[in-house]
Amino acid sequence: MAIGYEHVTAEPVARLIDEFNRLPGIGPKSASRLAFYLLRAKPEQAQRLAAAIIEMKEKTVLCSRCFNITVEDPCVICRNPGRQVQQLCVVEEPLDVVALERTGEYKGLYHVLHGAISPVEGINPEDLKIRELMDRLKVEPVEEVIISTNPNLEGDATAAYLAREIIPLGVRVTRLARGLPMGSDLEYADEVTLGRALQGRRDM
Amino acid sequence: MRDRLYSTPALIIRRSDVGEADRLLTIYTPQLGKLTVAARGVRKTSSKLAGHLELFVHTQLQLARGRSLDVVTESRVSDHFATLRSDLDRISVAYYVAELLDKMTPEQSDNSALFRLTRDVLAAIDRESTTARRDVVLRFFELHLLSLSGYRPHFFHCAVCERELDQSADRFSPAAGGVVCANCVARVTGTLPLSLSAFKLLRYLLRGGIDDALALNVSPELAQEAGFILRVALKQVLERELKSVEFLNLLRG
């Protein structure tokens, strides 16, 4: 992608800018800022960055059981005998596992789908790790599948599709509750969220 | 100088994530047609706009003119279509409607009839409880979308010789853009068979409004035949397959 630095910038710098510019959330301005920072940084720092990128690509694999990113297969969570094998939490992305683990509330296992159904982008069920999930349910003693896809249309569509496939197997299917985020304001809540928060209210 | 802020009704027909927490929205408006606008910070859980900018909502938006893209500052939802988004079949139909609208329309070309059509169709998909009735709605949408985009299929006059058609007409020509009469069939290639009931259904749908369409009792086979003809006609115009069709077909098995 030509971003206009080629004529005045030395070729290797322009190439790095170009590579940074391909990353999500980084535009041409941020890309050149990062490149020029590294140009002036100590050689060791640039080496460390380059090595970290290469190591990440070479040393990580997907866990063959839950499809989370891991160094050793199976991953630390799947290997941990302390986790409850009766509960399986289905998430869209590896980062969602990190978010759920931070809560410290969940002791079961995970399954990472690597995306959500989005027909307009051409992402259909067969493009996700759904067949792998169904295979796990056949062999593992799972009693409850907790669907933790994002609370947006793609996530809800994925949840509805999974429920349709899993419920006939006689496994309990639950969905993360939807309610009001911490520190928010009732006045700004949309009707769908507020409606579901009302339906899912708790005794105090 | 133009006002910095302006307000418009809008249907949100596509979204894509950009940057840390922003989204680009493709919206369809009555006066400005299809637009791409930016919604800042809406992927954060603390965003007060997020729930009001979901896919397929019908909303009143306030926008601020930006250098390249206009930015959403407020959203007051007129209709969430809550039933639609809790049902897999309806979701797949809505995705198809939104993708069709997106692919059939250029940016910033106003067409308020198309806005009303899509709004009414989404409302009907939300409201109608059987797939058979929603399929009729879908046929109505496909037909009128073609019509309002300037590709009205010929169902009353022969697509070749323009003579008025009678009930003997039984071939549809995607290339000619409509039904061809018995005299002209030999002059066009690649025509498709069209049953008399499908022919009558399409004529009726083209002439009436959405309420007339919903007053009909259409068998699934007939809706399917009409759907096949319309998909071929749409493909002729779009020159490609829609991505959301695959999911729709998958669910319908």
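For clarity, every value in this text was computed on a predicted model and none was experimentally measured.

Glancing now at the overall build of chain B. Within chain B one finds seven helices and eight strands. The C-alpha atoms of chain B give 20 Å as radius of gyration, which agrees with the globular expectation for 253 residues (18 Å, within 12%). Per-residue burial for chain B yields a buried fraction of 53% across its 253 residues. Across chain B, the fraction of contacts at a sequence separation of at least 24, relative to all contacts at a separation of at least 6, is 60%. Element-wise, carbon and sulfur atoms account for 46% of the exposed surface of chain B, whose accessible area totals about 11800 Å². Looking at charge distribution, chain B has the averaged site of its 34 positive side-chain charges lying 3 Å from that of its 30 negative ones.

In this section: unusual backbone geometry. Residue Asp73(A) is joined to Pro74(A) through a cis peptide bond whose omega torsion reads -5°. Tracing the chain through its elements places Pro74(A) in the loop between β2 (69-70) and α4 (76-79). At His114(A), a residue that is not glycine, the phi angle is positive and equals roughly 60°. With respect to the helices, strands and loops of the structure, His114(A) is situated in the loop between β4 (108-112) and α6 (130-139). Backbone geometry at Gln108(B) places phi at a positive 55°, although glycine is not the residue there. For Gln108(B), the location among the structural elements is in the loop between α1 (88-104) and α2 (112-127).

One can read the domain layout of chain A as domain 1 (11-59) and domain 2 (69-203). The gap between the C-alpha centroids of domain 1 of chain A and domain 2 of chain A is 34 Å.

Let us look at the pairing of strand β4 (residues 58-64) of chain B. Every regular strand shows the same layout, with side chains that alternate between the two sheet faces. Residue and element names in this part refer to chain B. In terms of residue burial, β4 counts as a mostly covered element, since five of its seven residues are buried. In the sheet, strand β1 (residues 5-18) pairs with β4 via seven bridges, with the strands oriented antiparallel. Its bridge partner being in β4, Leu 11 is matched across the sheet by His 58. Pairing between β4 and strand β5 (residues 70-79): seven bridges, direction antiparallel.

Turning next to the domain arrangement of chain B. Residues and elements named next belong to chain B. Looking at the assigned domains, one finds that chain B contains domain 1 (5-79) and domain 2 (83-251). Here the C-alpha centroids of domain 1 and domain 2 sit 29 Å apart. Facing 20 residues of domain 1, the contacting portion of domain 2 comprises 21 residues. Summed over both partners, the interface of domain 1 with domain 2 buries about 1700 Å², with 63% contributed by carbon and sulfur atoms. Three residues stand out in domain 1 for area buried against domain 2, namely Tyr 28, Lys 34 and Phe 56, and they jointly supply 43% of the buried area on that side.

Here the focus is the interface of chain B and chain A. On the side of chain A, 24 residues touch chain B, which itself brings 24 residues to the contact. Taken together, the two surfaces of chain B and chain A that pack against each other cover about 2200 Å², and 63% of this comes from carbon and sulfur. Looking only at chain B, the three residues that lose the most surface to chain A are Leu88(B), Tyr95(B) and Phe247(B), adding up to 24% of its buried area. Counting across the chain B and chain A interface gives one salt bridge. Across the pair Arg15(B) and Glu154(A) runs a salt bridge, and its minimum N-O distance is 2.2 Å. Viewed at the interface, chain A and chain B are joined by four residue pairs in polar contact (both at pLDDT 80 or more). Of all elements in the fold, only β1, α1 and α7 (244-252) of chain B reach the threshold of two or more residues within the side of chain B that touches chain A.

Another aspect to go through is the sheet that holds strand β3 (residues 33-39) of chain B. All names here are of chain B. Pairing within the closed barrel is mixed, and its five strands lie in the order β1-β2-β3-β5-β4. Each strand axis lies, on average, 50° off the axis of its neighbour in the sheet, ignoring direction. The strands touched by α1 are β1, β2 (22-29) and β3; relative to β1, the strand with the most contacts, the crossing angle is about 105°.

This part is about the side chain of Glu142(B). All names here are of chain B. Looking at the element boundaries, Glu 142 is found in helix α3 (residues 131-151). According to the relative accessible area criterion, Glu 142 is buried, its value standing at 0%. A distance of 2.7 Å separates the side chain of Glu 142 from the side chain of Tyr 96, its partner in a polar contact. Here Glu 142 is in contact with Tyr 96, Leu 100, Gly 227, Leu 230, Arg 231 and Leu 234, once residues within four sequence places are set aside.

As a further point, take the packing of aromatic side chains. Summed over the entire model, instances satisfying the criterion amount to three aromatic pairs over all chains. Consider the rings of Tyr106(A) and Tyr110(A), whose centres lie 5.2 Å apart with planes at 65°: the pair is edge-to-face. For the pair Tyr106(A) and Tyr110(A), one class covers both residues: buried. The ring centre of Tyr188(A) lies 4.5 Å from the NZ or CZ of Lys48(B), which sits over that ring.

Our next topic: the sheet that holds strand β7 (residues 178-180) of chain B. Residue and element names in this part refer to chain B. With antiparallel pairing, the three strands of this open sheet are ordered in space as β7-β6-β8. Among the strands making up the open sheet, the edge pair consists of β7 and β8 (192-193). Across three bridges, strand β6 (residues 171-173) lies against β7 in antiparallel orientation. Paired with Ser 173 across the two strands is Gly 178, which belongs to β7.

Moving on to the packing of α2(B) against α3(B). Residue and element names in this part refer to chain B. At a closest axis distance of 10 Å, the pairing of α2 and α3 adopts a crossing angle of 175°. One finds that α2 runs roughly antiparallel with respect to α3. Touching Ala 113, Leu 114, Leu 117, Thr 118, Val 121, Ala 124 and Ile 125 of α2 are Arg 134, Val 137, Phe 140, Phe 141, His 144, Leu 145, Leu 148 and Ser 149, all from α3. Residue classes in the contact of α2 with α3 are distributed as 11 nonpolar, three polar and one charged.

About the criteria used
Residues numbered from 1 in each chain as written. Chains lettered and ligands numbered in written order. Predicted model: local features only at pLDDT ≥ 70, side-chain atom pairs only at ≥ 80, totals over all residues. Heavy atoms only, no water. Helix = DSSP H or I, 4+ residues; strand = E, 2+ residues; numbered from the N terminus. Rg over C-alpha atoms; globule rule 2.2 N^0.38 Å. Buried < 20%, exposed > 50% of the residue type's maximum accessible area, 1.4 Å probe, protein only. Contact = heavy atoms within 4.5 Å. Areas by Shrake-Rupley, 256 points an atom, 1.4 Å probe, with all protein chains shown as cover. Lys, Arg positive; Asp, Glu negative; His and termini not counted. Charge placed at Lys NZ, Arg CZ, Asp CG, Glu CD. Domains from an automatic or database assignment. Pairing = 2+ DSSP bridges. Buried area = accessible area lost by both parts, 1.4 Å probe. Salt bridge = Lys/Arg side-chain N within 4 Å of Asp/Glu carboxyl O. Polar contact = N/O pair within 3.5 Å; in protein donor to acceptor, adjacent residues only side chain to side chain. Axes fitted to C-alpha atoms, helices over the stretch in contact; angles between N-to-C directions. Phe/Tyr/Trp six-rings, centres within 6.5 Å; stacked < 30°, edge-to-face > 60°. Lys NZ or Arg CZ within 6 Å of the ring centre and 35° of its normal. Parallel < 35°, antiparallel > 145°, perpendicular 65-115°, else oblique. Nonpolar A, V, L, I, M, F, W, Y, C, P; charged D, E, K, R; others polar.

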